[in-house]
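One-letter residues, chain by chain:
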Amino acid sequence: MMLALEMYRSPAKYLAAKAVGGRIPGILTGPAAPLRLVTINEPKADRDGWARIRPILSGICGSDLGMVTGSTKLYFSAMVSMPFVPGHEVVGELLDDCEDLPKGTRVVMDSVLTCAARGVEPCVGCSSGNTNRCDRITVGHVAPGLQTGFCHDTGGGWGNVMVAHRSQLYAVPDGLSDERAVLTEPLACAVHTALKAKVEPGQSVLVSGAGAVGLFATLALRELTQAGRITVVAKHARQRELARAFGASDVVAPDEVFRGVRRATGAFRLTPEMGREFLLGGVDVAVDAVGSKDSIDTVLRVTKAGGRVVLSGMPSTGADLSPVWFRELELTGTYASALAEPNDKPAFETALEIAAKAPLDGIVGARYPLYRWREALDHAQSAGRLGTVKVAFDVRAS
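Given the structure is predicted, the values throughout are model-derived calculations rather than measurements.

Conventions and cut-offs
Residues numbered from 1 in each chain as written. Predicted model: local features only at pLDDT ≥ 70, side-chain atom pairs only at ≥ 80, totals over all residues. Heavy atoms only, no water. 1 Å grid on protein atoms, 1.4 Å probe; cavity = no way out; pocket = protein on both sides within 12 Å on 5 of 7 lines; lining within 4 Å. Points joined across faces, edges and corners; volume = space filled by probe spheres on them. Nonpolar A, V, L, I, M, F, W, Y, C, P; charged D, E, K, R; others polar. Phe/Tyr/Trp six-rings, centres within 6.5 Å; stacked < 30°, edge-to-face > 60°. Helix = DSSP H or I, 4+ residues; strand = E, 2+ residues; numbered from the N terminus. Buried < 20%, exposed > 50% of the residue type's maximum accessible area, 1.4 Å probe, protein only. Lys NZ or Arg CZ within 6 Å of the ring centre and 35° of its normal. Core = buried A, V, L, I, M, F, W, Y, C linked by side-chain atoms within 4.5 Å. Domains from an automatic or database assignment. Contact = heavy atoms within 4.5 Å. Buried area = accessible area lost by both parts, 1.4 Å probe. Salt bridge = Lys/Arg side-chain N within 4 Å of Asp/Glu carboxyl O. Polar contact = N/O pair within 3.5 Å; in protein donor to acceptor, adjacent residues only side chain to side chain. Axes fitted to C-alpha atoms, helices over the stretch in contact; angles between N-to-C directions. Parallel < 35°, antiparallel > 145°, perpendicular 65-115°, else oblique. Left-handed = near helix turned anticlockwise from the far one by under 90°.

### Concerning the layout of surface pockets
The rolling of a water-molecule-sized probe over the atoms marks out the regions of remaining empty space. In this structure, the second largest pocket encloses a volume near 400 Å³. Lining the second largest pocket are 21 residues; nearest its centre among them are P43, K44, H152, D153 and T154. Here the lining of the second largest pocket is composed, by residue class, of ten nonpolar, five polar and six charged.

Below, the structure written as C-alpha cells:
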C-alpha cells in the first residue's frame, strides 16, 4: 500500500469549479477539488521493460492545476483513465533494475505513454521520432492516458510509488541536484518549443508569459537559437528579473506589449472603431506561453505578416483568428517533447545539459509534503504573485 493524491471523477465538483471557482478564493483547492489523499495499492511493474520508481520531487504543472480547477478542456477526457495519481514532472529513484539502468539510479521521465510503453506496433509519430504525436495513447496493455500522471495504471509523481517504461527514462548525472533534475521535463518542453519556433538568425521574438513555461522557453530560445531581440511579457517583479537572467533583451508589462513591440520593430499601430488594437509589422516569431484568450489575441496582433505564432501554453477559447487570415500567419502548437528533435538529440538530453549550467538555483521555490496538498496547490495557483516559479511535492517527506 502507498500514500498518494488521487484525481477522481466528479461531475458535480467540475461544474462547481467552473461556475464559482474564479469568484470564491480557496474553493478550487477546497470543497470543489476532485482530489483526495488516499492509501491505495502500488501500481505493478509486471511486464518486461517496466520498473517501479520512488518519486523524490514532483512538480506542479499548469496542466495539473487546470485539471484540479476544471479549466482543462473536455477534449482531453477521452485520453485519461480515472481515478489516477497526477504528477508528470518527476525526479525519482529506481526500485528495480530496468534493463541497462540498475536499481537505485536516479531518473527523470518523459511522461508521454508511447507505443513502446504500450507494447504495440509503432505508429507514424513514434516511428519518425515524433513520440509526442503518438496515436496509440488509449490502447495496448496500459489504460488510456496521454501521459504518466493521467493514467490509472502507471501512478504518478504525487504518490509514493509509480511505474515507468525504460523508453521514458533518463539517468540523472551525479552532479545534478534533485531541485534542478525535477525541472528536466518542463525544460524538455521548452527545448521542443524553441526548436519548433524555427527562429532564423537575428529574428525578433516575443514570449508572452513569464511563468515556468515562458521563462524556460526564453532560456531555450537563447541557448538553442540565434534569435536577435527577445521581448518577454511579465507581470511580476521576480518574473521580470528572471526573464532578463534567462536571456530576454526587453521585458514589458502586459499593458505595454503593443508599445514595446512597436518601438522595437518600427511597426504601425492601428486601433479599430470597436475592438483591440493591432500592429502592421511586428515581431518575426511570437510564443504564447499562457494560453488565455487575451494572451493569444495579443501575440496574433503583434506578429508581422507571414510570421510564426507558437502556442506553447494550453489554449483557452475565444481568441480572434482574424490576424491569422489577414496577415497569413503560420500558427503551430507545441506539445510535450520529442525523441527526435531538429538538433538530432532527444529533448530530454538537451534539457539535462541546460539544467546543469543554467541559472536555475531557487527556481523550485517551495516544497510541500503530500498531506499539505491544499497549501501546495494554493501556492502554485498564486506562484507568480508570490515570486515563485515552480512549486513541488517533496514526496520523501510524505
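Additional details are given in the paragraphs that follow.
### Side note on the packing of aromatic side chains
Scanning the model with the defined rule gives three aromatic pairs in all. Where W158 meets F393, the ring centres are 5.0 Å apart and the plane angle is 70°; that geometry is what we call edge-to-face. Highlighted residues: W158 in the loop between helix 4 (124–127) and strand 6 (162–165) and F393 in strand 17 (residues 390–394), separated in sequence by 235 residues. Residue W158 is classed as buried on the basis of its relative accessible area, which comes to 0%. Both rings, one in Y170 and one in F348, keep their centres 5.1 Å apart while their planes meet at 15°; by these two values the pair is stacked. Residue Y170 is found in strand 7 (residues 169–171), and its partner F348 is found in helix 12 (residues 347–357); the two are separated by 178 residues along the sequence. Looking at F348, the relative accessible area reads 2%, which means it is buried. Directly above the ring of Y8 sits R36, whose terminal nitrogen or CZ lies 4.1 Å from the centroid.

### Regarding the nonpolar core
One broad rule of soluble globular proteins: the nonpolar side chains tend to lie buried together. With 51 residues, the main nonpolar core has L187, F216 and L360 as its most contacted residues. Secondary structure elements with two or more residues in this core: strand 3 (50–59), helix 6 (184–196), strand 8 (205–208), helix 7 (212–224), strand 9 (230–233), helix 8 (237–245), strand 13 (283–288) and helix 12. Split by domain, the residues of this core number at least three in each of domain 1 (2–172 + 362–397) and domain 2 (189–333). The next biggest cluster of nonpolar side chains, apart from the first, holds 36 residues, and it includes M2, L5, V38 and C115.

### Description of the domain arrangement of the chain
Examined at the domain level, the chain breaks down into domain 1 (2–172 + 362–397) and domain 2 (189–333). Placing the centre of domain 1 and that of domain 2 at their C-alpha centroids yields a distance of 29 Å. On the side of domain 2, 14 residues touch domain 1, which itself brings twelve residues to the contact. Taken together, the two surfaces of domain 1 and domain 2 that pack against each other cover about 920 Å², and 72% of this comes from carbon and sulfur. Counting the surface domain 1 buries against domain 2, the share from its top three residues, K73, I363 and V389, is 43%. At the surface where domain 1 touches domain 2, the tally comes to zero salt bridges. Summed over the shared surface of domain 1 and domain 2, the number is one residue pair in polar contact (both at pLDDT 80 or more).

### Describing the packing of helix 6 against helix 12
Contact geometry for helix 6 and helix 12: axes closest at 8 Å, N-to-C directions at 115°. By the criterion of interaxial angle, the relationship of helix 6 to helix 12 is roughly perpendicular. For the pair helix 6 and helix 12, the crossing hand works out as right-handed. Between helix 6, through T184, E185, L187, A188 and V191, and helix 12, the contact on the second element is made entirely by A347, F348, T350, A351, L352, I354 and A355. The residue makeup of the contact of helix 6 with helix 12, split by class, is nine nonpolar, two polar and one charged.

### Structural notes on unusual backbone geometry
The amide bond that connects M82 to the next residue, P83, takes the cis arrangement and shows omega of -10°. In this structure, P83 sits in the loop between helix 2 (62–69) and strand 4 (90–94). Look at E99: it is not a glycine, yet its phi comes out positive at around 55°. Tracing the backbone shows E99 in the loop between strand 4 and strand 5 (106–109). Looking at E99, the relative accessible area reads 59%, which means it is exposed. At K198, a residue that is not glycine, the phi angle is positive and equals roughly 55°. Tracing the backbone through its elements, the reader meets K198 in the loop between helix 6 and strand 8. Using a relative accessible area of 48% as the deciding quantity, one classes K198 as partly exposed.

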